[in-house]
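Breakdown of the fold
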Amino acid sequence: MSALNKLKIEISEAIKKLTQQKIDPESLTISSTRKEFIGDYTLLVFPLIRHFGKKPEEVGQLIGEELKSNSEIVNDFNTIKGFLNLSFSPQYWTNTLQDIQSTPDFGRGKAKDKKVMVEFSSPNTNKPLHLGHIRNILLGWSVSKIMDAAGYEVITTQVVNDRGIAICKSMLAWKKWGDGITPENSNRKGDFLVGDFYVKFNTEFNNEYAKWQKTKTAQTIFINQNKYENENDFFADYKNDYFNDYSKLGKEAREMLLKWENKDPKTMELWKKMNNWVLTGFDETYKELGVSFTKSYFESKTYILGRKIVEEGLKNNVFYTEKDGSVWADLTDVNMDKKIVLRSDGTSLYITQDIGTAELRYKDFKTEKMIYVVGDEQEYHFKVLFEIIKRLNRPYADDMYHLSYGMVELPTGKMKSREGKVVDADDLIKEMAMEAKTNAEEKGIIDDSNDEERDEIYRKIGMAALKFFILKVNPKRRMIFNPEESVDLQGQTGPYIQNAYVRVKSILRKSEGTYDLNGYFNYIDCNSHEKSLITTLSEFPYTIQQAASEYEPSLIANYVYDLAKKYHKYYSDIRILGTDKQDARNFRIALSHTVAQTLKKGMDLLGIQMPERM
RNA sequence: GGUCCCGUAGCUCAGCUGGAUAGAGCAACUGACUUCUAAUCAGUAGGUCACAGGUUCGAAUCCUGUCGGGAUCACCA
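Basis of the calculations
- Residues numbered from 1 in each chain as written.
- Chains lettered and ligands numbered in written order.
- Predicted model: local features only at pLDDT ≥ 70, side-chain atom pairs only at ≥ 80, totals over all residues.
- Heavy atoms only, no water.
- Helix = DSSP H or I, 4+ residues; strand = E, 2+ residues; numbered from the N terminus.
- Buried < 20%, exposed > 50% of the residue type's maximum accessible area, 1.4 Å probe, protein only.
- Contact = heavy atoms within 4.5 Å.
- Lys, Arg positive; Asp, Glu negative; His and termini not counted.
- Charge placed at Lys NZ, Arg CZ, Asp CG, Glu CD.
- Phe/Tyr/Trp six-rings, centres within 6.5 Å; stacked < 30°, edge-to-face > 60°.
- Lys NZ or Arg CZ within 6 Å of the ring centre and 35° of its normal.
- Patch = residues over 30% accessible without salt bridge, like charges linked within 9 Å, V, L, I, M, F, W, Y side chains within 5 Å.
- Areas by Shrake-Rupley, 256 points an atom, 1.4 Å probe, with all protein chains shown as cover.
- Salt bridge = Lys/Arg side-chain N within 4 Å of Asp/Glu carboxyl O.
- pLDDT = per-residue confidence, 0-100.
- Near = heavy atom within 4 Å.
- Polar contact = N/O pair within 3.5 Å; in protein donor to acceptor, adjacent residues only side chain to side chain.
- Nonpolar A, V, L, I, M, F, W, Y, C, P; charged D, E, K, R; others polar.
- Core = buried A, V, L, I, M, F, W, Y, C linked by side-chain atoms within 4.5 Å.
- Domains from an automatic or database assignment.
- Pairing = 2+ DSSP bridges.
- Axes fitted to C-alpha atoms, helices over the stretch in contact; angles between N-to-C directions.
- Expected span 1.5 Å × (residues − 1).
- Arc of directions from axis to C-beta.

Points about the overall build of chain A
Looking only at helices and strands, one finds 23 helices and 14 strands in chain A. The buried share among the 614 residues of chain A stands at 51%. Relative to all contacts within chain A whose residues are 6 or more apart in sequence, the contacts with residues 24 or more apart total 73%. Positive and negative side-chain charges of chain A, numbering 88 and 90 respectively, have mean locations separated by a distance of 2 Å.

Okay, structure coming up:
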């Protein structure tokens, strides 16, 4: 990039010389020249013609001649219509490669002296992590890596929803039908075991509900409403009311929640036990995914937070009290509704909790920037939350962002964990590694390593396929995930990029001791592949900054793919080691080496590891 | 109904602040491994960028409207 900036300044100086007009170098549009034309970079002259009062081609000609005689970088040019194609001096390319190669942390932004918190995952403790969580976790982790590379200090957090009616359902079912089963005595992973009972509860509840629907009470209720004509439609919609008003199981679950809130010792004991099963299970899954958290927050400890801030806000007229004692924020002046922040009985809500958690995190880490990775169904919630925090005048209020992403659906429709209709994260991870293995065995590759090493490689390949598949698309898009078909190992995929890296590693192994990574500085014979690779390499820092400012891992994914693609092409077109000229050989190896390093760094930003061979 | 997101090749997706003939991958068909790893490369075919207007020298990109898909609008989380 620095060379491009230099070029822009040279151009603006040339324009000044020719027209006496000052032009902001940043306003110039320069892009790499399309391969159909001769040149390396292209300046768009259309926006400049008004300063000259001449035709685009004449303007291009004038600027081109000026650059050719005075610029350090440009040594030739041609104009086509309003496009000024500039060719760079041979030395430019070796210099640029040398710059990149000699910068160990190439790509990293300057330290920004600002802490950013990324919250992601945030699971419930009543069931295992599934495909939906995977998208959330991968996005969150990648964004945190990107922020880090862009120069922020990053804190990763999750808020574990370990309380409420859902976990009580699992607890109740375990008590009723569990017969003392544990992860240890059943050899079932803890989060799955608890999830089994969540499903069990719902199955039993549905049975109970189905029976009840035939009773006189139920039929009377159905007849007395006039919204639904169809009985099934009505009862589908009435489920929640049934749970709260008539269900025996519902009543038991609510009683359990009440006991929990009153800290009944036996209930607390069971709750702690089952939560631990789940959390231990989650940790394993996180480890498999390669993610970790600076700190985990638990709702059981934070759900009362925020009330104090609400009281403070009441004094400052951010909120007002209704007649029944409930507390509200009136956001109608910014086109939002009124929002309740404290119930009439004084208890807090989801939003109250979020206000409190944000404050707690600020106290813990002094994070002035907060990113919440949460599904797009909560967009309105976060809009409201951010507005309220702004009105409360918190120090972190100005830099809060909801990274919202679309739902992951199966070909059969939405996932429903209550019905057990999900793709579990663990299963998916295993399947991916299996597929990588099958694929490799069919091809008969990876021979010179032992079983353990091989399994590790398959795991890396499988995870790369999965992670890349999810991260390469814009988060806002909904995605339909077909477990059988979605994740390829060929083409625009994680393994494709790993393969480019592995090819370089293989070359380096084969040629060890026969090259000098610094022995090419006078080499001036770059071909078009090499120029294109160097250009792409030099865009890495810019891509990171852009990905950070847009919270967009897909930009990195596309960048890395582009670089790998160019390298594969280069590799098949030119034999890296097939030259006797020492400086050419050094140059090609150094270039390959730098590409490999950049691929590795880029993939790391996606949370993807590189194997040394595959 | 209000607000927000999405709509680009049969399928999955790129397309940066408007710029040259809209690009990849998968699937289909052709070719290339005695030569640095073929999880690769080269090629053929596949497009009314949902639709209609507008702004501009120039629009997939910006604006308005329409259509289609989704989300959301709780004293649930």
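Details of unusual backbone geometry
A positive phi is found at N393, a non-glycine position, where the angle reads about 65 degrees. Mapping N393 onto the fold places it in the loop between α16 (379-391) and β12 (400-405). What makes N393 exposed here is its relative accessible area of 66%. Its identity is not glycine, yet Y551 carries a phi of approximately 55 degrees, on the positive side. Take Y551: it is sitting in the loop between α21 (540-550) and α22 (553-573).

So, the packing of aromatic side chains
For any pair of aromatic rings, the description consists of the separation of the ring centres together with the inter-plane angle of the planes. On inspection of all chains with the given rule, the structure shows 40 aromatic pairs. Taken together, the aromatic side chains of F201, F205, Y209, W212, F222, F234, F235, Y238, Y242, F243 and Y246 make up a single cluster linked through ring pairs. Over the ring of Y152 we find K112; its NZ or CZ atom is 5.5 Å from the centre of that ring. One Lys or Arg, R361, reaches over the ring of Y297 and ends 5.9 Å from the middle of that ring.

Observations regarding a positive patch on the surface
A contiguous patch of positive charge, built from K239, K414, K416, R418 and K421, is present on the exposed surface. Assignment of secondary structure puts K416 in the loop between β13 (408-409) and α17 (425-443).

Remarks on a negative patch on the surface
Side chains of D427, E431, E435, E484, E485 and D488 sit close together on the surface and give a patch of like negative charge. Considering the arrangement of structural elements, one finds E431 in helix α17. On the basis of relative accessibility, which here comes to 42%, the residue E431 falls in the partly exposed class.

Observations regarding the confidence of the model for chain A
Predicted confidence across chain A gives a mean pLDDT of 91, with 99% of residues reaching 70 or more. Per the prediction output, this complex has pTM 0.94; the corresponding ipTM is 0.95.

Things to note about the protein's contact with RNA strand B
Within the structure, RNA strand B sits among 63 residues, and D324, R343, K414, S506 and K569 are positioned closest to it. Among all atoms of RNA strand B positioned within 4 Å of the protein, those belonging to sugar or phosphate total 61%. Between S344 and RNA strand B, the recorded distance is 3.2 Å, taken from a side-chain N or O atom to a base nitrogen. For RNA strand B, a sugar or linking oxygen lies 3.4 Å from a polar atom in the side chain of N499. Those elements that provide at least two residues to the surface near RNA strand B are β2 (41-44), β4 (83-88), α16, α17, α19 (494-510), α21 and α22. Each residue belonging to the surface near RNA strand B can be placed in one class, and the counts come to 26 nonpolar, 17 polar and 20 charged.

Looking at the nonpolar core
Of all hydrophobic cores here, the largest spans 155 residues; its most connected members are I63 and I497. Once residues lying within four places of it in the same chain are set aside, the contact partners of I497 are F468, V560, Y561, A564, L599, M603 and M610. Residues V310, A329, I355 and A397 belong to the second largest nonpolar core, which totals 32 residues.

Some points on the domain arrangement of chain A
Under the domain assignment used here, chain A contains domain 1 (3-88), domain 2 (164-289) and domain 3 (425-604). The centre of domain 1, based on its C-alpha atoms, is set 69 Å off from the matching centre of domain 2.

Thoughts on the environment of G602
Position of G602 relative to the elements: it lies in helix α23 (residues 582-605). In contact with G602, not counting residues within four places along its chain, are F540, I556 and V560.

Thoughts on the pairing of strand β3 (residues 74-80)
Moving residue by residue along a regular strand, the side chains alternate between the two faces of the sheet. Here six bridges tie β3 to β4, and the two strands are oriented antiparallel to one another. Opposite D76, over in β4, you have S87 as the bridge partner. Two successive antiparallel strands, β3 and β4, enclose a turn made up of two residues, where K81 displays a positive phi of approximately 50 degrees.

Focus on the sheet that holds β4
Taken together, the four strands give an open sheet; going across it, the order is β1-β2-β4-β3, and neighbouring strands pair in antiparallel fashion. The open sheet has two edge strands, β1 (30-32) and β3, and neither has a second partner. Adjacent strand axes in the sheet meet at a mean angle of 30 degrees, parallel and antiparallel pairs treated alike. Set on the sheet, helix α3 (residues 56-70) makes contact with β2, β3 and β4; between it and β3 the angle comes to about 175 degrees.

Some points on α3
Taking 1.5 Å of rise per residue, 15 residues should cover 21 Å, and α3 covers 21 Å from first to last C-alpha, within 8% of that figure. If you check which residues of α3 are buried, you get V59, G60, I63, G64, E66 and L67. Down the axis of α3, the buried side of the element spans an arc of 165 degrees, and every buried residue falls inside it.

Focus on the pattern of salt bridges
Two side chains carrying opposite charge are able to pair once their charged atoms lie near each other. Scanning the model with the defined rule gives 26 salt bridges in all. For K295, the salt bridge is made with D364, and the minimal N-O distance between the two is 3.3 Å. Here K295, found in strand β7 (residues 295-298), pairs with D364, found in helix α15 (residues 350-365); they are 69 residues apart in sequence, far enough to count as distant. By relative accessible area, which is 34% here, D364 ends up partly exposed. Its salt-bridge partner being R394, residue E359 comes within 3.1 Å of it at the nearest N-O pair. Of the two residues, E359 is situated in helix α15 and R394 in the loop between α16 and β12; the sequence distance between them amounts to 35 residues. Each member of the pair, E359 as well as R394, carries the same accessibility label: buried. Taken together, the shared-partner salt bridges connect K114, K369 and D399 into one network.

Quick look at the environment of W177
Within the secondary structure, W177 is located in helix α6 (residues 165-177). In contact with W177, other than residues within four places in its own chain, are F197, K200, F201, E204 and L249.

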